[in-house]
Every structure is written in structure tokens, then in C-alpha cells.
Amino acid sequence: MGLDPVVLFFLFGLFAGLVKSELKLPPALYDTLSILLLLAIGLHGGVELAEQASAALLGQSALVLLLGCTLPLLAFPALRLLGFSRVDSASVAAHYGSVSAGTFAVVVAFLLANQVAFESYMPLFVAILEIPAILVGIILAKGITRETNWRELGREIFLGKSIMLLLGGLIIGAIAGKEAIKPLEPFYTSMFKPVLALFLLEMGLIASGQLGALRRYGLRLVTFGLGMPLVGALIGALLARLMGLSLGGTAMLATLAASASYIAVPAAMRLALPEANPSLSLTASLGVTFPFNILVGIPLYLALAETLIAWGL
């Protein structure tokens, strides 16, 4: 089977950026596409959450929260060994403990295209994974000090665009239920892939701008940007098997654990760790890990899920 058309849109944007094309999407359109994707993911998850809420889901959510705390704790010493400063290591680690909503949208489209079923409350896990890594990253950089403005940071985290849209969509979908939400179903059915295609076109253009920074940071950053997703995917897949998730759910949680934030965490880090170098985080997450996951990682994580299930795990 060939590449999914939405992935080809990403490659098109990447190529257009690398050859210095005049192609450019209006900033307002990028913001609109982000809003539509996050709302669609949240609404779909909320509808299913209303039908499947249980004590078991509460336990699974607690394990996912623990995953979000564990990943930056693993990433931080690896970055220190690669020679990055304490503050920069903590900042990058926070990005890799959090999650990429764009990558999640792509794995949803990939699994649907391959007719692989998955637990439809997975957007809840996206929202959960956005938060703990930020707090762990700050503590790794500074410890707990009086200088940290926790109130302002809390506003940045919980009232930021991505969290608000995901949680808002989840709550609306859960309250309204499946029947009432039917007029809005195109958000996460027929409209989802066209919106995702345009979003990935813009992401390709943005990613092309980050590749130049690799000349400054070199092999160390590439090594981490390719290695950490593989470690995260393995941990996420094993946790999914412990939770009893399906094949699709296992591949999806592996993908989430392998992804790195480039929306919510950069905004929070600018506020909490202004001395950190944002180019390091964005080059690793958007210039290395995001293309790797889109082009190679997601099919690899599905194969990993199939292997673990075949082994009886």
C-alpha cells in the first residue's frame, strides 16, 4: 500500500520549504486548522467517553498520568549525557514527556485507513499527557523554588489553547451524547482528513525551517530525536498491554509516548524557563521526531503492537 495522501501533503510542504518556494499558508488558516483538529478529536472522544466511562477507565487514566511523568525523567539524563545544559535538557525532556496532537491526528487517520479498531476514548489520554511533563521539566531544571510563579504557569498550562480545546470538546461531547452531537459529526468524520491534509502541509513548511538548525546542534540532537521516540514507543506499548488495550489502542498509546509537543509545551517553557534555548526543543521535536513518526514511526509502532500481542503480552 502506498503512502497515505495526508502524509504526502506533509512531504509536499517539506519539499516546498526546502526549495524556498513562495508557498505559504496564511497564519490565520493554520490557527483555524489547529482549532478544528483539536475540537474534532475532543468531540469524538467525549461522545465515546459518555458511553464507556467506568472505574477501569479511571485506572487507565492514572497509568497514563504516570507515563507522562516517567518519560521526561528518562529523557533528561540521556540529554545530559549528550552534553546539553541542565536547563536545556529539562526543557527538551518536557517536550518529549508531553504529546503531539498533530501526530495523534495522523495515527487516527492511519488506523482508520487500515481498518484497525481502537478505543475511542483515546483523546482523553492526549489531554492527560499534555500536563505532567511540563511540571516535571520545571522541577528538573530548578527544583521547587519560591521564584516559580505557579499561578501564572497554571494559567498557561490549563488555559492554553490546546488543552482548552481538547477538554472543551471532550466535555461537550460527553454532555451532549451521541444522538445530540450527530449534526456535528462531520467535524470528526468527513471533514477530518481534508483538514488534517492542510494542517500537515503547513507542518511540512514549518519543519523545513527547523532542519537548518541541525547544522548547529548536529548528531547529538538527531540521535536523541530518533532514539527517544523508539524508547517511548516501547514503554507506551508495554503499558498499553498492561492496561488491556486493543491492537489499535496499543499502537496509538505507543505513538503518543513516541511523540513530542510543539504547541503546548513551548508556550509553557517560555514562561517557566525563559533561559532555555527554544531552538533545541523545536528542532528536535518538529525537525526530527515529527517527520520520523509520520513517515516511519507510526507503521513501526503498529508492527510493535502486533508483535507484543502475538507474544501473548
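Since the model is a prediction, treat every value here as computed from it, not as a measurement. (Residues numbered from 1 in each chain as written. Predicted model: local features only at pLDDT ≥ 70, side-chain atom pairs only at ≥ 80, totals over all residues. Heavy atoms only, no water.)

**So, the overall build of the chain**
For clarity, the cut-off: Under the DSSP-based scheme used, a helix requires at least four consecutive residues in state H or I and a strand at least two consecutive residues in state E, with every element numbered from the N terminus. We compute the radius of gyration from the C-alpha atoms alone; for a globule the expected value is 2.2 Å times N to the 0.38, where N is the number of residues. Working definition: with a 1.4 Å probe on protein chains only, accessible area under 20% of the residue-type maximum means buried, over 50% means exposed, and in between means partly exposed. The criterion used for residue contact is that any of the two residues' heavy atoms lie within 4.5 Å.
Counting its secondary structure elements, the chain contains 14 helices and zero strands. Listed by position from the N terminus, the elements making up the chain come as α-α-α-α-α-α-α-α-α-α-α-α-α-α. Whereas a compact globule of 313 residues would reach a radius of gyration of roughly 20 Å, the chain reaches 18 Å, a difference of no more than 12%. Along the first, second and third principal axes, the C-alpha atoms of the chain reach 50 × 45 × 45 Å. In the chain, which comprises 313 residues, the share counted as buried stands at 55%. Taking contacts inside the chain between residues at least 6 apart in sequence as the whole, the part at least 24 apart equals 88%.

**Brief notes about helix H1 (residues 5–18)**
Where we set the bar: One fewer than the residue count of a helix, multiplied by 1.5 Å, yields its expected span.
Look at H1: 20 Å from first C-alpha to last across 14 residues, which is about the 20 Å you get at 1.5 Å a residue. Those residues of H1 not exposed but buried are Val6, Val7, Phe10, Gly13, Leu14, Ala16 and Gly17. Directly after H1, the chain includes Lys20, whose backbone phi takes a positive value near 60°.

**Topic: the nonpolar core**
As a reminder, the rule being used: The nonpolar core is taken to be a set of buried Ala, Val, Leu, Ile, Met, Phe, Trp, Tyr and Cys residues, with the residues joined through side-chain atoms within 4.5 Å.
In this structure, Phe104, Phe125, Leu196, Phe199, Leu253 and Leu256 are the most contacted members of the largest nonpolar core, which totals 94 residues. In contact with Phe125, other than residues within four places in its own chain, are Leu57, Gln60, Ser61, Val64, Met243 and Leu256. Judged by nonpolar contacts, the second largest core, of seven residues, contains Ala233, Ala237, Ala258 and Leu308.

**Notes on unusual backbone geometry**
At Lys20, a residue that is not glycine, the phi angle is positive and equals roughly 60°. Relative to the elements of secondary structure, Lys20 occurs in the loop between H1 and helix H2 (27–52). Classification of Lys20 as exposed rests on a relative accessible area of 71%. With a phi close to 55°, Gln115 is a non-glycine residue in the positive phi region. Note that Gln115 resides in the loop between helix H5 (101–113) and helix H6 (122–130).

**Quick notes on a nonpolar patch on the surface**
What counts is decided by this rule: Patch membership needs two things, relative accessible area over 30% and no salt bridge, and members are linked within 9 Å if like-charged or within 5 Å if nonpolar (Val, Leu, Ile, Met, Phe, Trp, Tyr). Using the Shrake-Rupley algorithm and a 1.4 Å probe, accessible areas are obtained, with residue cover drawn only from the displayed protein chains. Whenever Lys or Arg places a side-chain nitrogen within 4 Å of a carboxyl oxygen from Asp or Glu, that contact is recorded as a salt bridge.
On the surface, Leu230, Leu295, Val296 and Leu300 cluster together to form a nonpolar patch covering roughly 300 Å² of accessible area. Here the nonpolar patch takes three residues from helix H14 (residues 278–310), the largest share from any one element. Counting through the fold element by element, Leu230 comes out in helix H11 (residues 214–243).

**Focus on the packing of aromatic side chains**
As a reminder of what qualifies: A pair of Phe, Tyr and Trp rings is counted when the ring centres sit within 6.5 Å of each other, with Trp represented by its six-membered ring. The angle between the planes then sorts it: under 30 degrees is stacked, over 60 is edge-to-face, the rest tilted.
In this structure the tally under the stated criterion is four aromatic pairs. With centroids separated by 5.4 Å and ring planes inclined at 70°, the aromatic side chains of Phe10 and Phe290 adopt a geometry described as edge-to-face. Of this pair, Phe10 sits in helix H1 while Phe290 is found in helix H14, placing the two residues 280 residues apart along the sequence. Owing to a relative accessible area of 2%, Phe290 belongs among the buried residues under this scheme. With centroids separated by 5.5 Å and ring planes inclined at 80°, the aromatic side chains of Tyr262 and Phe290 adopt a geometry described as edge-to-face. With Tyr262 in the loop between helix H12 (247–258) and helix H13 (264–272) and Phe290 in helix H14, the pair connects residues that are 28 residues apart, well separated along the chain.

**So, the pattern of salt bridges**
Tallying each qualifying case throughout the model produces one salt bridge. Among the salt bridges present, the one from Glu179 reaches Lys182, with a minimum N-O distance of 3.7 Å. What makes Lys182 partly exposed here is its relative accessible area of 45%.

**Examining the packing of helix H3 (residues 55–81) against helix H7 (residues 132–142)**
To keep things clear, this is the line we draw: Whenever a helix is involved, its axis is fitted only over the stretch in contact; in every case the axis is a line through C-alpha atoms, and angles between N-to-C directions fall within 0 to 180 degrees. We call a crossing left-handed when the near helix sits turned anticlockwise from the far one by less than a right angle, and right-handed when that turn is clockwise. All residues other than Ala, Val, Leu, Ile, Met, Phe, Trp, Tyr, Cys, Pro, Asp, Glu, Lys and Arg, Gly among them, are scored as polar; the first ten of these are nonpolar and the last four charged.
Direction vectors running N to C along H3 and H7 enclose 35°, while the axes themselves pass 8 Å from each other. Crossing handedness for the pair H3 and H7: right-handed. Packed against H3, whose contacting residues are Leu65, Gly68, Cys69, Pro72, Leu73 and Phe76, the element H7 presents Pro132, Ala133, Val136 and Leu140 at the interface. Of the residues belonging to the contact of H3 with H7, the class tally is nine nonpolar, one polar and no charged.

**A short note on the confidence of the model for the chain**
Detailed reading of the predicted coordinates is not advisable wherever pLDDT falls low. Put simply, the test is: A score from 0 to 100, pLDDT tells how confident the predictor is in each residue.
With 93% of its residues at a pLDDT of at least 70, the chain reaches an overall mean of 86. The element-level mean pLDDT for the chain is lowest in helix H8 (residues 150–158), coming to 68, with H12 highest at 96.

**Re the packing of H6 against H12**
Here is the rule we go by: Any angle from 65 to 115 degrees is called roughly perpendicular, while one under 35 is roughly parallel, one over 145 is roughly antiparallel, and all others are oblique.
It is the contact of H6 with H12, at a shortest axis distance of 11 Å, that shows an interaxial angle of 20°. Put simply, H6 runs roughly parallel to H12. With respect to the hand of their crossing, H6 and H12 are arranged in right-handed fashion. Residue-level inspection shows Met122, Phe125, Val126 and Leu129 of H6 in contact with H12, the latter providing Gly249, Met252, Leu253 and Leu256. Partitioned by chemical class, the residues of the contact of H6 with H12 number seven nonpolar, one polar and no charged.

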